[in-house]
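If you want the building blocks of each chain, they are given just below.
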Amino acid sequence: MAGLAREIVYEGFARLENHFSLIRASDDPVADMALLGRAYRHNAMQNPHLYVVMFGAASLAGFSLSEEDRQHGRYTLTRVATCAGRCIAAGRFRADDAGLVAHQMWSATHGLVILELGGYLIPPYDAEVCFEAQLVSLMVGAGDDPEAAARSVEASGRRLEDELIRPWTLKQDGLAARSA
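Residues numbered from 1 in each chain as written. Predicted model: local features only at pLDDT ≥ 70, side-chain atom pairs only at ≥ 80, totals over all residues. Heavy atoms only, no water.

Next up on the list: the overall build of the chain. Of the regular secondary structure elements, the chain holds eight helices and zero strands. Starting at the N terminus, the α and β elements of the chain follow one another as α-α-α-α-α-α-α-α. Across the 180 residues of the chain, 41% fall into the buried class. Across the chain, the fraction of contacts at a sequence separation of at least 24, relative to all contacts at a separation of at least 6, is 73%. Of the accessible surface of the chain, which amounts to about 9,200 Å², a share of 58% is contributed by carbon and sulfur atoms. Distance between charge centroids for the chain: 3 Å, based on 17 positive and 23 negative side chains. (Helix = DSSP H or I, 4+ residues; strand = E, 2+ residues; numbered from the N terminus. Buried < 20%, exposed > 50% of the residue type's maximum accessible area, 1.4 Å probe, protein only. Contact = heavy atoms within 4.5 Å. Areas by Shrake-Rupley, 256 points an atom, 1.4 Å probe, with all protein chains shown as cover. Lys, Arg positive; Asp, Glu negative; His and termini not counted. Charge placed at Lys NZ, Arg CZ, Asp CG, Glu CD.)

Structure representation (structure tokens):
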């Protein structure tokens, strides 16, 4: 059973990486960073049961994540750290450790997603309101100008459908057609 549960965790991280892979680098690395956050959230919303198992919030038949299991999914941070490096190189984020910036983006987004999945974010501060404000705050916290951050976050929202949701939906439809 532990082997099956471990494969479920690994599948969850593979799906997250797949979501991240749909995001293409643009000339606005801060918009790209915000879009990676949107991809993270979209993955969790599309795979809520996998998501909670991936991070040990749910257990399958007594299985608990080992240290190796917890470290497995860290490869998904590579794209986020690379994007953080691009934000730093563009002068949008202050010179900092790109890996640390990636971890800050990850931990903040993860916290919001867990609250959203648990149904804790309700109007007037529902998940959408909180997420949009959080994206801007994260970019500003990393060193971006507030107005520039707001423009980039808005731009990432406009890219969401074309770069993430539509390709993901087409891929899911293709998988469903093959298994039918």
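Back to the text.
A separate point is helix H6 (residues 98-117). Residues spaced three or four apart along an α-helix point in a common direction, a consequence of the helix completing one turn every 3.6 residues. Its 20 residues give H6 an end-to-end C-alpha distance of 28 Å, which sits within 8% of 28 Å, the value for a rise of 1.5 Å per residue. Residues of H6 that are buried: Ala98, Val101, Ala102, Met105, Ala108, Thr109, Leu112, Val113 and Glu116. All buried residues of H6 fall inside an arc of 140° around its axis, so they share one side. Those residues of H6 that are buried are in contact with helix H2 (29-46), helix H3 (48-54), helix H5 (77-89) and helix H7 (127-141). Looking at where H6 begins, the residue whose side-chain oxygen comes 2.8 Å from the main-chain nitrogen of glycine 99 is aspartate 97. In the segment just after H6, glycine 119 is the residue with positive phi, at about 75°. (Expected span 1.5 Å × (residues − 1). Arc of directions from axis to C-beta. Polar contact = N/O pair within 3.5 Å; in protein donor to acceptor, adjacent residues only side chain to side chain.)

Glancing now at the side chain of glutamate 17. Within the fold, glutamate 17 resides in helix H1 (residues 2-21). When near neighbours in sequence (up to four residues on either side) are disregarded, glutamate 17 contacts Tyr75, Thr76 and Arg79.

Where H5 meets H6, the axes come as close as 8 Å, and the angle between the chain directions of the two elements is 115°. By crossing handedness, the relation of H5 to H6 is classed as right-handed. Across the interface between the two elements, Leu77, Val80, Ala81, Ala84, Gly85 and Ile88 from H5 touch Ala98, Gly99, Val101, Ala102, His103, Met105 and Trp106 from H6. Of the residues belonging to the contact of H5 with H6, the class tally is ten nonpolar, three polar and no charged. (Axes fitted to C-alpha atoms, helices over the stretch in contact; angles between N-to-C directions. Left-handed = near helix turned anticlockwise from the far one by under 90°. Nonpolar A, V, L, I, M, F, W, Y, C, P; charged D, E, K, R; others polar.)

Enumeration over the complete set of coordinates arrives at 13 salt bridges. Ionic pairing is found between glutamate 11 and arginine 15, a salt bridge with its closest N-O pair at 2.9 Å. On the criterion of helical spacing, the pair formed by glutamate 11 and arginine 15 is a turn pair, its members being four residues apart in helix H1. Take glutamate 11: its relative accessible area is 36%, and that puts it in the partly exposed class. A residue is classified by how much of its surface remains accessible, and arginine 15, at 35% relative accessible area, is partly exposed. Note that arginine 38 is salt-bridged to glutamate 132, the shortest N-O span being 2.6 Å. With arginine 38 in helix H2 and glutamate 132 in helix H7, this residue pair connects regions lying 94 residues apart in the sequence. Accessibility expressed as a relative area gives 27% for glutamate 132, which makes it partly exposed. Among the charged side chains, a salt-bridge network with shared partners connects Arg24, Asp32, Arg86, Arg159 and Glu163. (Salt bridge = Lys/Arg side-chain N within 4 Å of Asp/Glu carboxyl O.)

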